[in-house]
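Breakdown of the fold
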Amino acid sequence: MSTAISIHHFVIIPQEERETYQRLKQLPLRTVSYNTTLLSPSKNTIPDNSQKKSNEAALILIRHGESLWNAKNLFTGCVDVPLTEKGIEEAIEAGKRISNIPIDVIFTSSLIRAQMTAMLAMIQHCRKKVPIILHNESDQAKSWSQVFSEETKDQSVPVIPAWQLNERMYGELQGLNKQETAERYGKQQVHEWRRSYDIPPPEGESLEMCAERAVAYFVENIEPKLAAGKNVMVAAHGNSLRSIIMYLDKLTCKEVISLELSTSIPLLYIFKDGKFMKRGSPVGPTEAGVYAYTKVRHRFYCSTIFIFFEFSVLDGSLCLQRLAQYRQKLDDESLKK
Ligand SMILES: O=C(O)[C@@H](CO)OP(=O)(O)O
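In short, a report on the structure. (Residues numbered from 1 in each chain as written. Predicted model: local features only at pLDDT ≥ 70, side-chain atom pairs only at ≥ 80, totals over all residues. Heavy atoms only, no water.)

1. Some details on the pattern of salt bridges
Tallied over the full model, the rule gives six salt bridges. Between Glu260 and Arg195 there is a salt bridge; the shortest N-O distance is 3.0 Å. With Glu260 in the loop between helix 10 (238-248) and strand 7 (267-272) and Arg195 in helix 8 (residues 187-195), this pair connects stretches of sequence that are 65 residues apart. For Arg195, a relative accessible area of 10% translates into the label buried. Residue Lys278 is joined to Asp249 by a salt bridge in which the shortest nitrogen-to-oxygen separation is 3.7 Å. Here Asp249 lies in the loop between helix 10 and strand 7 and Lys278 lies in strand 8 (residues 275-279), a separation of 29 residues in the sequence. (Salt bridge = Lys/Arg side-chain N within 4 Å of Asp/Glu carboxyl O. Helix = DSSP H or I, 4+ residues; strand = E, 2+ residues; numbered from the N terminus. Buried < 20%, exposed > 50% of the residue type's maximum accessible area, 1.4 Å probe, protein only.)

This is the structure we're talking about:
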């Protein structure tokens, strides 16, 4: 139901950003009418695929929310454990942050924590398309999960599970407590097993070995979708995503050591002309450990205060659009640096 609502958006801009904002205020703006649904915090601007330039696509990477073994501080690797309640909330929150970005296809690992995260996030999506897991474990599984209505297919988003995106196999550390393992083998040794590029944990995979399958899968299966203009979400794991980010950002073996990913924080990349451009997280305040947060955007969120008051629909929507343009401008500027 479309209900008129009054909202006025005051923005207090930090001194050093005021000039840019003044310039942005002069930009010509499309007027839109909002209904109550669209005015919820995560649903203020809805880009449409039809407006998207064909040679450009969005890539969202998301590490799963907190798992039961994350909460117990156990090495998990390829052991298939579900999310905690906190992990579920994190996934829902992540979904709110990306709810305005149209998603054409989702890739997940074959592990339940990544799949839960993708599904819970999609429930928040403004388009309300249904994520459907495409089972490919056997021909029968494929054939038995077919959908026979084009209209229903249109209202769904395919979810492709791939074991290649699984967490790195932690070998004989799986199920051990991280703190106790550090006490037993020494902090330095355990840090090398956890974060180095080429030192594998006992009987497990190094990041390099994990990259051999995860990055190869990304290049062969995910990049072609992006090149075809499809927006893709990848729900995976701390280390499989570290290896993919290493590839996207061309990080060195040394740089990747300090790359840490928070649980369930969506990272956004734009794929354009064969290149990946890192963007800040789509919406929301800064958080410790958010890898893709740009410096400029971080400063913006830290020093800007938003106050909402009742006013008119038109002024409210204009203000929201200007703010979105302002954020975009900050990201574009930060990308040039
Ligand atoms: O236990 C694991 O599988 C991973 C991710 O949670 O841990 P680490 O941070 O040590 O790579």
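2. A closer look at unusual backbone geometry
Excluding glycine, residues mostly have negative phi values, and the peptide bonds linking residues are mostly trans. The phi torsion at Asn73 lies on the positive side, around 60°, for a residue other than glycine. Mapped onto the fold, Asn73 is located in the loop between helix 2 (68-71) and helix 3 (85-97). Notably, Ser264 is not glycine yet its phi reads approximately 60°, a positive angle. You can see Ser264 is positioned in the loop between helix 10 and strand 7. Residue Ser264 is classed as buried on the basis of its relative accessible area of 3%.

3. Focus: the environment of Val130
Looking at the secondary structure, you find Val130 in strand 4 (residues 130-133). Leaving out residues up to four positions away in the same chain, Val130 has contacts with Gln155, Ser156 and Val157. (Contact = heavy atoms within 4.5 Å.)

4. Digging into the packing of aromatic side chains
Each aromatic ring pair is characterised by the separation of its centres together with the angle its planes make. A full pass over the atoms with the stated rule returns six aromatic pairs. Each ring, one from Phe107 and one from Tyr217, has its centre 6.0 Å from the other, and the planes form 75°; the classification is edge-to-face. With Phe107 in strand 3 (residues 105-108) and Tyr217 in helix 9 (residues 207-227), this pair connects stretches of sequence that are 110 residues apart. The pair Phe107 / Tyr217 is uniform in exposure class, with both members buried. With a centroid separation of 6.1 Å and an interplanar angle of 70°, the aromatic rings of Phe218 and Tyr247 are classed as edge-to-face. Placement of Phe218 in helix 9 and of Tyr247 in helix 10 is noted, with a sequence separation of 29 residues between them. A relative accessible area of 33% means that Tyr247 is categorised as partly exposed. Sitting over the face of the ring of Tyr170, Arg168 holds its NZ or CZ atom 4.5 Å from the ring centroid. One Lys or Arg, Lys178, reaches over the ring of Phe75 and ends 5.3 Å from the middle of that ring. (Phe/Tyr/Trp six-rings, centres within 6.5 Å; stacked < 30°, edge-to-face > 60°. Lys NZ or Arg CZ within 6 Å of the ring centre and 35° of its normal.)

5. Section: the site of the ligand
Neighbouring the ligand are Arg63, Asn70, Leu74, Phe75, Thr76, Gly77, Glu167, Tyr170, Lys178, Arg194, Arg195 and Asn239. A distance of 2.7 Å separates an oxygen atom of the ligand from a polar backbone atom of Gly77. In the model, an oxygen atom of the ligand is placed 2.8 Å from a nitrogen or oxygen of the Lys178 side chain. Residue composition of the shell around the ligand, by class: three nonpolar, four polar and five charged. (Near = heavy atom within 4 Å. Polar contact = N/O pair within 3.5 Å; in protein donor to acceptor, adjacent residues only side chain to side chain. Nonpolar A, V, L, I, M, F, W, Y, C, P; charged D, E, K, R; others polar.)

6. Points about the pairing of strand 7
Burial analysis of strand 7 places five of its six residues in the buried class, the great majority of the element. Both strand 7 and strand 8 contribute to a ladder of five bridges, which runs antiparallel. Residue pairing for strand 8: Lys272 is matched across the bridge by Lys275. A loop of two residues connects strand 7 with strand 8, the two strands running antiparallel in sequence, and Asp273 in this loop sits at a positive phi of about 50°. (Pairing = 2+ DSSP bridges.)

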